[in-house]
Amino acid sequence: MFLYSLTLQRATGIVQTIHGNFAGSKQQEIIVARGKLLELIKLDPNTGKLYTVLTHEIFGVIRSLMAFRLTGGSKDFIVIGTDSGRIVIMEYNASKNAFERVHQETFGKSGCRRIVPGQYLAIDPKGRAVMISAVEKQKLVYILNRDAQARLTISSPLEAHKSNTFSYHIVGVDVGFENPMYACLEIDYEDADQDPTGEAAQNTQQMLTYYELDLGLNHVVRKYSEPLEEHGNFLIAVPGGNDGPSGLLICSENYVTYKNLGDQPDIRMPIPRRRNDLDDPERGMIFVCSATHKTKSMFFFLAQTEQGDIFKITLETDEDMVTEIRMKYFDTVPVSTSMNVLKTGFLFVSAEFGNHFLYQIAHLGDDDDEPEFSSAMPLEEGDTFFFAPRALKNLVEVDQQESLSPIMNCKIADLANEDTPQLYVACGRGPRSSLRVLRHGLEVSEMAVSELPGNPNAVWTVKKKSDDEFDAYIIVSFINATLVLSIGETVEEVTDSGFLGTTPTLSSSLIGDDALLQIYPGGIRHIRADKRVNEWKTPGKKNIVKCAVNQRQVVIALTGGELVYFEMDPTGQLNEYTERKDMSADVKCMSLASVPAGEQRARFLAVGLDDNTVRIISLDQSDCLQPLSMQALPAPAESLCIVEMGGSEGEAGEKPVTGGLFLNIGLQNGVLLRMVLDSVTGDLSDTRTRYLGSRPVKLFRIKMQGSEAVLAMSSRSWLSYWYQSRFHLTPLSYETLEYASGFASEQCPEGIVAISTNTLRILALEKLGAVFNQVSTPLKYTPRKFAIHTESNNLIIIETDHNAYTDTTKAQRKQAMAEEMVEAAGEEERELAAEMAEAFLNEDLPESVFGAPKAGAGMWASQIRLLNPIQGETLDTVQLEQNEAAFSLCVCKFANKGDDVFVLVGTAKDLTLSPRTCSGGFIHTYQLTNEGTKLEFLHKTPIDDVPAAICPFQGRILIGVGRLLRIYDMGKKKLLRKCENKHIPNFIVNINSIGNRIVVSDVQESLHFVRYKRQENQMVIFSDDSHPRFVTASAILDHDTVAVGDKFGNFSVVRLPTNTNDEVDEDPTGTKALWDRGLLNGASQKADSIASFHVGDTILSLEKATLIPGGSESLVYTTLSGAVGIMVPFTSHEDHDFFQHLEMHMRSEFPPICGRDHLSYRSYFFPLKNVIDGDLCEQFNSMEASKQRSVSEELDRNPSEVGGSGCRFGYHYLITRM
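Residues numbered from 1 in each chain as written. Predicted model: local features only at pLDDT ≥ 70, side-chain atom pairs only at ≥ 80, totals over all residues. Heavy atoms only, no water.

K.L.:
Just to check I follow, could you spell out the overall build of the chain for this structure?
P.N.:
Of the regular secondary structure elements, the chain holds 11 helices and 90 strands. Radius of gyration (C-alpha) of the chain: 34 Å, near the 33 Å computed for a compact globule of 1218 residues. Based on the C-alpha atoms only, the size of the chain along its principal axes is roughly 105 × 90 × 70 Å. Taken over 1218 residues, the chain has a buried fraction of 56%. Sequence separation of 24 or more characterises 55% of the internal contacts of the chain that already satisfy a separation of 6 or more. When the accessible area of the chain is evaluated, it comes to approximately 50500 Å², of which 48% is carbon and sulfur surface. (Helix = DSSP H or I, 4+ residues; strand = E, 2+ residues; numbered from the N terminus. Rg over C-alpha atoms; globule rule 2.2 N^0.38 Å. Buried < 20%, exposed > 50% of the residue type's maximum accessible area, 1.4 Å probe, protein only. Contact = heavy atoms within 4.5 Å. Areas by Shrake-Rupley, 256 points an atom, 1.4 Å probe, with all protein chains shown as cover.)

Now the structure itself:
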C-alpha cells in the first residue's frame, strides 16, 4: 500500500508573528509562523484587507522568529530558530516572490532538545548581533555585519553558556550604539537538584541576567545578575539611545516592574483587575503578549492580559530617569499569541484560538474619560486597581483571517444534498468556538445586484482609454437590443456612446488606444474617440456568427464558415486583410490571445469547428490565415480562450517573466480541456481535462491580481488562475451564472460583472488560493465530539469546558456578589450600593469577546446540543450540572428496541486531570423524538470511571470505562452490563468495530485487536501493536487494516499479518505455560506497520471518504492547528515510481529552506515508510527554471508535465488545480 500525502487546507493557527519592511518597499508586511509554515501577509492600506503573498513549507518546526535590519539599511531580514540545529537568516525576494536563504550556520543536533539553541531569539535593536538560546544551558551570539559589496555577513558563534540554568525569555536591551546587551530571565537549579527534601526548589529565586557582547574584545560576558521578587514570565525592552530611557519592563504575576542598570530605582506597579470579576479571586493575573510602538517623539506599549484586556503602558521620565509607570485600559480583543502595531496605525492580533483580527487604531485613548492608573498612586501591598471592561472604543475591526485552529472533530457528509460532500468541522475553544461547514470553492462577495428589463444574453465592460484604471461602460446585449450603462457613483443608462442600440451585440471592446468597437450580426461599428463612426457591413445575406477581438486585431466568422481578418494600422484605422479564409465546417467558437507587450499582433487564432476539431491559424504576416495545427475533440466545442499564465510582473528595474500560452476549450458535454500552446510553432500538447458540470462550458478571460485568469461557466462556475507559482482550478461558491466579464471600478478594483437570468451582478473574489469557504455557527463551550443523525441530517454535539461555570452557577455567584456589595456598604451608601448591585446583575458582557470567567481547576461546564447544520439553528440543548463533563457520544439503535434512535452521552463527575481521578461517571441515555429534533431523557447509568469512548456493536453498545472495555444493552431503568475485558493497559480513548472484531485504542499503548465470541460471551485480545503510540484518532480501512494518528503528529497504517488467527482462547485458570503468555506482556500476535509518515501536527480526526462524486476513496485527516489533509492511495506502480523519483530529486535539488533534512523530518519518530510527500513534490513549481529542466530530464519528462503531475495523479481529486 502506497499513499500520496497532500495538504488541502494549510494550518491556520499562528505560533508567532513579526512585522517589518521585508520587500524593501515603504510598506510594512507581516510574517507569520504557523508551525511548519512561513507566510508573508501584506496589508492593502486602501481596503484594509489582509492578503497572503507567499506561503512556504519549511519541513521543520519553527520555534522562534525575529526581524532585524542592519544599521542604515532599508530592508528587514528574517532570522529563524528551528529544530534543525542551525540558525538561518533569510530575506524576501519580491521579484521572484520567494524567501531566499542568506546564511545558514550549524551549531548543534537536530530536533527540539533541551540544550540545543533555537527556542529563544533576541536581536540587538540596532541589528548588530543576534543571540540564540536553548531552554537550558546554551546561548550563542552571532555578530552581523556587511562586507564591501554591502552583503550581510555573519561571524562565528560566541558562547555564553551556563550549566544548570533554565531560560524563560531573552530580549535585546536597547542601549543605542553602546556594546550590544541582552537580558535573560533565568533560574539556577543546581542546589534544587542536589537537595532531596525539595526545600531548595521552593526557595530558588528567578534571576534577571545581563549579557554584554564586547565588540572590541569579540566575546560575551555575564555583566550583571540580580534575583527577582516575583517570578517573571516575559520581558519587554524599553527604547533607549536617543529614543527613550532604555531598560526593561518585567511582566510577572500581578505586577509589572521597570528595571534599568545604574542608579535607576525599580518601579513596580500592580496589573489592574476587572471590577466585580467572577474569576476565582485567588487567581493571579499575567500579561501574555505585548507590542511596542515608537515614533520619533514618543513610544508606548500595548500589553494584553490573559483575559484579553489590552493596556496602554507609558513611562514618565525626568532627565533619563523613569519616575512612574502609567497604565490605561485600552480595549478588549481575543487573547493572542502575538500582537503587531504597524506604522500605518493598524494592530494585527493573532489569536490563540479562532479567527485572527486586524484592527485600526482609531484613537490612542489619551483624551477619553477612562481612568489612568499610575505607579505613583498609593496602594496597600497586595491591592490593585480596578477597571470596567467595555466594547471597542479605540480600535475598529477592519478585517479578520479565518482560522479553524484547533479542529477538535470533523465529519465528512453531504447533508446539504449538493452532490459534493461538505466537511463539518467543530473547532475553536471556549465561548469563541464554532461549528463550521467547509465547502470546496472560492468565497464570492456580492457587491451589487440589479434587475434588468428582460433576460440578457451577454455582458461586457469597456474602458474609454487603454491606460484608464477603471471601466467606463457596461454593455448588456438582449435578443433584439443593446443597453449601454455608464459606471460612476451609480450605474445609469446612456444613449450618446455611439453604440447601435437596436440590435443584439456579439462583442464590444476597446480597440487601439481610445476607440470602441461593436460587432453585431449585420456588421462592425468602429467608434473613434471624437465620436466619428466607421461601419463595415456584411456582404449579401451573410451574417456574422462568431468573432474574436483583442487590442489591435479583429476576426469574424460569417455564415458558412468564412473568416475575415482585420488589423489596426498605426493611424488607428481597421484594415481588412486581402484574402478571406474558408473553413471546412461551420465555426462554433473563436479566440485570440492578447497582444504581447511590445508587439504589434497576437500570432495565433484558435477556431472551433462543427466537426469536433479545434484549428490553430497563424496571423503572422508571412503566413497569414494558414493553418498550423489541429486537435480532435471528444465532443463539440462551446467556447475557446487563449490566455498567458504563469508569468510574473517585473518589480522596479527587473524585466517581467513571460508565462506560457494555454488554450482552454469548453466542451458542450461540460468538460474543460486545457492545453499548452507552443508560442513558436503553434503546436498543442499536454492536455488536462476536468469535468465541471452538466451544462456546456463557456469561457471568459478576466484579470486576477494583475494577470490573466479564465472564468469557466457550466452548471457551476469555476475559476482557473495562477497563484503562488501553481495552477488553481476552483469552483465559485455561488449560484449559476450565464455570462461574465471583468469589472474594475473604484469600489471594486478587480471584480466580475455577470448575468444570471434577469439580473446583473457585480461580484468580487477576495480570498484567492483558499480551498474551502466557511459558514460558521457559534457554540458555547469547546466542542469535544459530534455525531450525525442520518435520517434528519441533524448534528448532536457535546461541548465541555474545564475551568468554567455553568449558567446556573454563574447566576448564583453574581447574586451572592451583589448581596455582598449591598451588605458591605455603610448606612448612607446603601441606596447607591443597591443601584450598583442592580446594574452589576443586569450587565451582560458577551463571553465570545470578553472571555468566560475562570472557575478554577476541577470545575467543569458541559452541554449537549442538537443542531441543524444547514440553517445553523439549535433545535434543542441539554445543560449538564456543574462539574459533570461530557466526553463521549454515540448515536445508535438497539436490537431489542426496534427502529428507535438513541443518543448516549458519557460523562465524568468531579474530574481532575492530573493525576486523573473522578468521583464517578454516568452514561446518559436520550431518545431522539419528533423526527430527530428533540432529545428526550430516558435514564442515566452510573459507572466508576471516565467513559472516553462509545461505539455501537451488533445491536448493543461498547463502552470504554477508563481501562475497561464493556458491552451494555438497553434496560428499562438503566443500561445493563453484559460483558467485560480488563486487559487494556491504561485508558481507552477510541473504539471501532468491524464484524466480530473490535479495535481499541489505548491512550499510550497503540491499538488492541479484540474478538467477541458470542457463544462464550467473551472479548479476547488476539493481537496488538509492537510500537507504543499515543493514539488521538483512528479509522478502520478494512477487516485487517487501521489508520492511526497520534499525539506527536505521526500518521501510521497498521495491518494484521495474513496468518493472524483470531480464534484465540483466554486462559481462565492461569495455568497456561509461561512461554505461551504472549509477547512483551501483550498479545501473542503482533500487527505490522505498513505505512508511516510524520505530519508534524497532532491529528485529531481521521476519516475514509470520497470527496468528489465518482472519485476514489481517500483518507482525510484534520489537525490541531487547523489543517486539512488527504492521503490518496496509488493505484498504479508507474505513478508511484514516478513520484518516488521526483521526491528523491526534490530532496537533493531543493532542500528545505531552514536547514532541516526532509527525510529525517518526515521520520521524526518512526522511519518514513510507503508515503510520498505531496507537499514537497508541489514545490517543484517554486524551483528555478534551470533546476526544473534538469530534474525533468532525469525523469524523462518536460517541466510542464512534471509541474502538473501532482494534479494528474490526484485523479481529479479535490486537488484544486487541473
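K.L.:
I keep staring at the sheet that holds strand β89 (residues 1124–1129) and nothing clicks. Help me out?
P.N.:
In a beta sheet, neighbouring strands pair by backbone hydrogen bonds and run either parallel or antiparallel. Spatially, β87-β88-β89-β1-β90 is the arrangement adopted by the five strands of the open sheet, whose pairing is mixed. If you trace the sheet from one side to the other, it starts and ends with β87 (1099–1105) and β90 (1171–1173), each paired once. Mean inter-strand twist for the sheet, computed between neighbouring axes without regard to direction, equals 25°. (Pairing = 2+ DSSP bridges. Axes fitted to C-alpha atoms, helices over the stretch in contact; angles between N-to-C directions.)

K.L.:
Would you mind going over the side chain of D1025 with me for this structure?
P.N.:
Among the secondary structure elements, D1025 is positioned in strand β82 (residues 1018–1025). Only 3.3 Å separates the side chain of D1025 from the backbone nitrogen of H1027, close enough to count as a polar contact. Not counting chain neighbours up to four residues away, the residues in contact with D1025 comprise S1006, L1007, V1054, K1086 and A1087. (Polar contact = N/O pair within 3.5 Å; in protein donor to acceptor, adjacent residues only side chain to side chain.)

K.L.:
Looking at this structure, I do not really get the sheet that holds strand β31 (residues 372–374). What am I missing?
P.N.:
The strand order across the open sheet formed by five strands is β24-β25-β26-β27-β31, and the pairing between neighbours is antiparallel. The sheet is open, and its two edges are formed by β24 (287–294) and β31, each paired on a single side. Each neighbouring strand pair of the sheet contributes to a mean axis angle of 25°, computed without reference to strand direction. Pairing geometry for strand β25 (residues 299–305) and strand β26 (residues 309–318), over four bridges, is antiparallel. Across the sheet, residue F301 finds its bridge partner in β26, namely I313.

K.L.:
Where do I start with the pairing of strand β3 (residues 29–34) in this structure?
P.N.:
Along any regular strand, the residues point their side chains to alternate faces of the sheet. The buried count for β3 comes to six of six residues, which makes it a mostly enclosed element. Burial along β3 is two-sided: the residues E29, I31 and A33 and I30, V32 and R34 are all buried. The pairing of strand β2 (residues 16–20) with β3 spans five bridges and is antiparallel. If you follow H19 over to β3, its bridge partner there is I30. Between β3 and strand β4 (residues 37–44), which pair antiparallel in sequence order, lie two residues; one of them, G35, sits at a positive phi of approximately 75°.

K.L.:
What should I look at first to understand unusual backbone geometry in this one?
P.N.:
In most cases, non-glycine residues show a negative phi, while peptide bonds are predominantly trans. Cis geometry is found at the peptide bond from S405 to P406, where omega equals -10°. Mapped onto the secondary structure, P406 falls in the loop between β33 (395–401) and β34 (407–413). Between S914 and P915 the backbone carries a cis peptide bond, its omega angle lying at -10°. Examined against the element boundaries, P915 turns out to sit in the loop between β72 (902–909) and β73 (920–929).

K.L.:
Just to check I follow, could you spell out helix α3 (residues 807–824) for this structure?
P.N.:
Note: α-helices contain 3.6 residues per turn, so residues at a spacing of three or four share the same orientation. Taking 1.5 Å of rise per residue, the 18 residues of α3 would be expected to cover 26 Å, and the 26 Å separating its terminal C-alpha atoms lies within 8% of that figure. For α3, the full list of buried residues reads T809, K810, K814, M817 and A818. Next to the buried residues of α3 lie α4 (830–842) and α5 (847–850). (Expected span 1.5 Å × (residues − 1).)

K.L.:
Just checking my understanding: could you explain the packing of aromatic side chains for this structure?
P.N.:
One pass over the full model with this rule turns up 31 aromatic pairs. Chaining the aromatic ring pairs together yields one cluster made of F1030, F1048, Y1161, Y1164 and F1165. A cation over an aromatic ring shows up here: K940 above the ring of F922, its NZ or CZ 4.3 Å from the ring centre. In this structure, R1029 is placed above the aromatic ring of F1166, and the distance from its NZ or CZ to the ring centre is 4.8 Å. (Phe/Tyr/Trp six-rings, centres within 6.5 Å; stacked < 30°, edge-to-face > 60°. Lys NZ or Arg CZ within 6 Å of the ring centre and 35° of its normal.)

K.L.:
Help me understand the pattern of salt bridges, please; the structure alone is not making it clear to me.
P.N.:
Side chains carrying opposite charge are able to pair once their charged atoms draw close together. Scanning the entire structure with this criterion turns up 65 salt bridges. In this structure, the salt-bridge partner of D807 is K780, at a minimum N-O distance of 2.4 Å. Taken together, the residues span a long stretch of sequence, with D807 in helix α3 and K780 in the loop between β66 (772–778) and β67 (783–789) at a distance of 27 residues. Shared partners join several salt bridges into a network, and the residues in it are D944, R966, R977, E980 and K982. (Salt bridge = Lys/Arg side-chain N within 4 Å of Asp/Glu carboxyl O.)

K.L.:
Hey, could you run me through the packing of α3 against α4 in this one?
P.N.:
Each pair of packed helices can be described by the angle between their axes along with the distance between the axes. The N-to-C vectors of α3 and α4 enclose an angle of 165°; their axes lie 8 Å apart at closest approach. As summarised for this structure, α3 and α4 are arranged roughly antiparallel, according to the angle between their axes. The way α3 lies across α4 gives a crossing that is right-handed. Across the interface between the two elements, K814, Q815, M817, A818, M821, V822 and E823 from α3 touch R830, A833, A834, M836, A837, F840 and L841 from α4. (Parallel < 35°, antiparallel > 145°, perpendicular 65-115°, else oblique. Left-handed = near helix turned anticlockwise from the far one by under 90°.)

K.L.:
What am I meant to see in the nonpolar core here?
P.N.:
A general tendency of soluble globular proteins is for nonpolar side chains to be buried together. Within the largest apolar cluster, 47 residues are counted, with the highest numbers of intra-cluster contacts made by I474, V476, L711, L719, L760 and L765. If we ignore the near neighbours within four places in the chain, the residues touching L711 are K698, L699, F700, I702, W718, L719, L732, A740 and I752. Core analysis: the next-biggest nonpolar cluster, separate from the first, contains 35 residues, F59, I407, I1172 and V1191 among them. (Core = buried A, V, L, I, M, F, W, Y, C linked by side-chain atoms within 4.5 Å.)

K.L.:
Would you mind showing me how to read the packing of helix α6 (residues 1133–1149) against helix α9 (residues 1185–1194) here?
P.N.:
Remark: α6 packs on α9, axes separated minimally by 10 Å, with the N-to-C direction vectors making an angle of 145°. In the crossing of α6 with α9, the sense of the turn from one axis to the other is right-handed. Taken together, the residues of α9 that come into contact with α6 (itself represented by L1142, H1145 and E1149) are K1187, V1191 and E1194. Tallied by class, residues from the contact of α6 with α9 come to two nonpolar, one polar and three charged. (Nonpolar A, V, L, I, M, F, W, Y, C, P; charged D, E, K, R; others polar.)

K.L.:
Help me out: how do you make sense of the environment of N1059 in this one?
P.N.:
Position of N1059 relative to the elements: it lies in the loop between β85 (1050–1055) and β86 (1086–1094). When the C-alpha atoms of N1059 and Q1085 are compared, they prove to be 9.6 Å apart, with 26 residues separating the residues in sequence.

K.L.:
What am I meant to see in the confidence of the model for the chain here?
P.N.:
If pLDDT is low for a region, its predicted coordinates should not be looked at in detail. Residues with a pLDDT of 70 or more make up 97% of the chain, whose mean pLDDT is 92. Residue range residues 650–654 is modelled with pLDDT below 50. Its contacts to residues more than four positions away, or to other chains, number five contacts. In this model residues 1069–1076 is a low-confidence stretch, pLDDT under 50, and it forms four contacts with partners more than four residues away in sequence or in other chains. (pLDDT = per-residue confidence, 0-100.)

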